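# Summary of the model geometry
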Amino acid sequence: MSSIALGCLKCGSSYEVIPPDGVYTEAHSKPNDPPGDFVEMKKECFSCKNKNTIYWYKPEAKQ
Ligand SMILES: [Zn+2]
């Protein structure tokens, strides 16, 4: 499983996250509207300690 680079919402530092499984592989920084089916993950920024939330979606669920 390859990691995905995201930016911290607070300080902008990039960090890497690994998808929770092979199904939910698309990382969103905010939930969709309506939220739908997702897996939530918390990742603390190593620079500012902000706890970023990553919302993992199935790629085919996007619109
Ligand atoms: Zn940060």
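Up top is the structure these notes are about.
The following refers to the structure shown. The residue numbering used here restarts from 1 in each chain and proceeds along that chain's sequence as written. The model is predicted, so local features are restricted to residues of pLDDT at least 70 and side-chain atom pairs to those at 80 or more, both for listing and for counting; the totals for chains, interfaces and linings are taken over all residues.

## Section: the overall build of the protein
Assigned secondary structure in the protein consists of 0 helices and 5 strands. The way it works is that DSSP assigns letters per residue, a run of H or I at least four long becomes a helix, a run of E at least two long becomes a strand, and they are numbered from the N terminus. For the protein, the α and β elements follow one another from N to C terminus as β-β-β-β-β. Dimensions of the protein, computed from the C-alpha atoms along their principal axes, are close to 35 × 25 × 15 Å. Whether a residue is buried, exposed or partly exposed follows from its count of other C-beta atoms within 10 Å of its own C-beta, namely 20 or more, 12 or fewer, or something in between, respectively; the C-beta atoms are built from the backbone. Taking all 63 residues of the protein together, 8% fall into the buried category. The long-range fraction of contacts in the protein, counting pairs at least 24 apart against all pairs at least 6 apart in sequence, stands at 52%. A pair of residues counts as a contact when their C-beta atoms, built from backbone coordinates, are within 7 Å of each other.

Shape descriptors only; they carry no functional weight alone.
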